[in-house]
Amino acid sequence: ISEVDNLFMGEVRVKDHGDKVNEDMADRFNVDKDKKALPETILFTTADGTLTEVARYGGDYSVDNLRLFIASKSGVYLKLEGCIKEMDTLADKFSRATSKEDREKVLFAAESWAKEKGEDALVYVKIMKAALETGKEGVEKEKARIEKVMDNKAS
């Protein structure tokens, strides 16, 4: 995330005992100070020079989930390990396509990119083909197969 311009992510700890540091910040941004509700991430924009809240996140704090939250709410592309930006863009277009014909066009483009990008890009093509042929069930099956292969490579 640190390599992205115009994106700031910070942490403000709110103590619930003693000096109660940063309690004023929690109040200012309406953050529930109950430990069960923390941590909470608030994404802001400074459009028009004014600090404006975009969204809040209080889910699982893994790096991948935070990246997904920021990318989905800000429109900023944050590359996940093993991902290829152009292929991610095509995968997004594929998932939003409203007809089989449109998905086939995106798949054709993905196959062309995969020839340039190599083996890692073929994963995208395989998932798109599975989706085209067998729908969501095919995607889930192919995703599980690929995750298993990736886990075996990592070991």
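Parameters and conventions
- Residues numbered from 1 in each chain as written.
- Predicted model: local features only at pLDDT ≥ 70, side-chain atom pairs only at ≥ 80, totals over all residues.
- Heavy atoms only, no water.
- Helix = DSSP H or I, 4+ residues; strand = E, 2+ residues; numbered from the N terminus.
- Buried < 20%, exposed > 50% of the residue type's maximum accessible area, 1.4 Å probe, protein only.
- Contact = heavy atoms within 4.5 Å.
- Areas by Shrake-Rupley, 256 points an atom, 1.4 Å probe, with all protein chains shown as cover.
- Core = buried A, V, L, I, M, F, W, Y, C linked by side-chain atoms within 4.5 Å.
- Salt bridge = Lys/Arg side-chain N within 4 Å of Asp/Glu carboxyl O.
- Axes fitted to C-alpha atoms, helices over the stretch in contact; angles between N-to-C directions.
- Parallel < 35°, antiparallel > 145°, perpendicular 65-115°, else oblique.
- Left-handed = near helix turned anticlockwise from the far one by under 90°.
- Nonpolar A, V, L, I, M, F, W, Y, C, P; charged D, E, K, R; others polar.

With that settled, the discussion passes to the overall build of the protein chain. Counting its regular elements, the protein chain contains five helices and two strands. Ordered by position from N to C terminus, the α and β elements of the protein chain give α-β-β-α-α-α-α. Relative to its 155 residues, the protein chain shows a buried fraction of 22%. Of the contacts formed within the protein chain by residues at least 6 apart in sequence, a portion of 32% connects residues at least 24 apart. When the accessible area of the protein chain is evaluated, it comes to approximately 11,500 Å², of which 50% is carbon and sulfur surface.

Now for the nonpolar core. Counting 14 residues, the largest nonpolar core has Met87, Leu90, Ala110, Val125 and Met128 as the members making the most contacts within it. Elements supplying a minimum of two residues to this core: helix H3 (85–96), helix H4 (100–117) and helix H5 (119–154). With five residues, H5 is the largest single contributor of residues to this core. Ignoring anything within four residues of it in the chain, the contact list for Ala110 reads Met87, Leu90, Val125 and Met128.

Okay, the pattern of salt bridges next. Considering all chains together, one arrives at five salt bridges under this definition. Where Lys117 meets Glu86, a salt bridge forms, and the shortest distance between an N and an O atom there is 3.6 Å. With Lys117 in helix H4 and Glu86 in helix H3, this residue pair connects regions lying 31 residues apart in the sequence. A relative accessible area of 35% places Lys117 in the partly exposed class. Judged by relative accessible area, which is 29%, Glu86 ranks as partly exposed. Arg96 serves as the salt-bridge partner of Asp92, at 3.0 Å between the closest nitrogen and oxygen. With Asp92 and Arg96 both in helix H3 and four residues apart, this pair spans about one turn of that helix.

Glancing now at the packing of H3 against H4. Relative orientation of the contacting elements H3 and H4 amounts to 170 degrees, with a least axis distance of 9 Å. Between H3 and H4, the angle falls in the class roughly antiparallel. Here H3 and H4 pass one another in a crossing that is left-handed. Side by side, H3 and H4 meet where Glu86, Met87, Leu90, Lys93 and Phe94 of the first sit next to Arg103, Val106, Leu107, Ala109, Ala110, Trp113, Ala114 and Lys117 of the second. Considered class by class, the residues forming the contact of H3 with H4 number nine nonpolar, no polar and four charged.

Glancing now at the environment of Val125. Note that Val125 resides in helix H5. Note on Val125: relative accessible area 6%, which makes it buried. The spacing of Val125 and Ala91 is 34 residues in sequence and 8.8 Å in space, taken between C-alpha atoms. Not counting the four nearest positions on each side in its chain, Val125 is found in contact with Met87, Leu107, Ala110, Glu111 and Ala114.

By themselves, these figures tell us nothing about what the structure is for.
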